[in-house]
Amino acid sequence: MQQMAFFHARSPTTGHSYTPPNLDELGYHFNGELKLVKNVTGEHFKFTNQRDYEVLGEAVTEDIYNRLEEIGLRKMKITESKPSFFFANPEVIQKDANKILVLIHGNGAVRAGQWSRKLILHNSLEEGRS
């Protein structure tokens with residue numbers, strides 16, 4: 001069983017320097033049906049071990065963040081207390097905005113824009129995103 005080459009990435013909560021891998025570097029992409037598949041063979045994702053699952057999950061999270069920014073949501077930083085961020089439509093900073101959309105992180109591995117990491121990895125991006 002081949003392990004992913006990018007496991008040197010650590011969680012940002014450790015305080016270490018961190019650059020999350022991207023899906024292509026790990027040999028995956030979302031196909032036309034938004035299913036996670038291997039670049040070379042087109043095989044669907046299959047769980048091998050927890051370590052690789054976590055690394056792939058981080059890459060999926062980064063992919064989702066990029067997709068959120070591509071549709072016009074902005075990454076808004078929170079500097080009070082523990083540094084963090086959320087995604088929102090640009091109008092959120094206007095005090096008189098008619099509508100706002102805010103996406104925040106959930107507990108554990110679920111990040112802004114995701115409903116279920118497990119559904120994203122095993123079924124499709126359509127089923128597992130917010």
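What this report covers is the structure whose coordinates are included nearby.

**Overview of the pattern of salt bridges**
- The final tally for this structure, using the stated rule, is three salt bridges.
- Note that Lys46 and Glu43 form a salt bridge whose closest N and O atoms lie 3.8 Å from each other.
- Its relative accessible area of 56% is what places Lys46 among the exposed residues.
- Overall, Glu43 belongs to the partly exposed group, its relative accessible area being 35%.

**Comments concerning the nonpolar core**
- Leu23, Leu36, Leu56, Val60 and Phe87 are the most contacted members of the largest nonpolar core, which has 23 residues in total.
- Secondary-structure elements contributing two or more residues to this core are strand S1 (28-30), helix H1 (50-70), strand S4 (84-88) and helix H2 (117-122).
- Top element by residues in this core is H1. It accounts for eight residues.
- Ignoring any residue separated from it by four or fewer positions in sequence, one finds Leu23 in contact with Tyr28, Phe30, Leu36, Leu56, Ala59, Val60 and Asp63.

The rules behind the values
Residues numbered from 1 in each chain as written. Predicted model: local features only at pLDDT ≥ 70, side-chain atom pairs only at ≥ 80, totals over all residues. Heavy atoms only, no water. Salt bridge = Lys/Arg side-chain N within 4 Å of Asp/Glu carboxyl O. Buried < 20%, exposed > 50% of the residue type's maximum accessible area, 1.4 Å probe, protein only. Core = buried A, V, L, I, M, F, W, Y, C linked by side-chain atoms within 4.5 Å. Helix = DSSP H or I, 4+ residues; strand = E, 2+ residues; numbered from the N terminus. Contact = heavy atoms within 4.5 Å.

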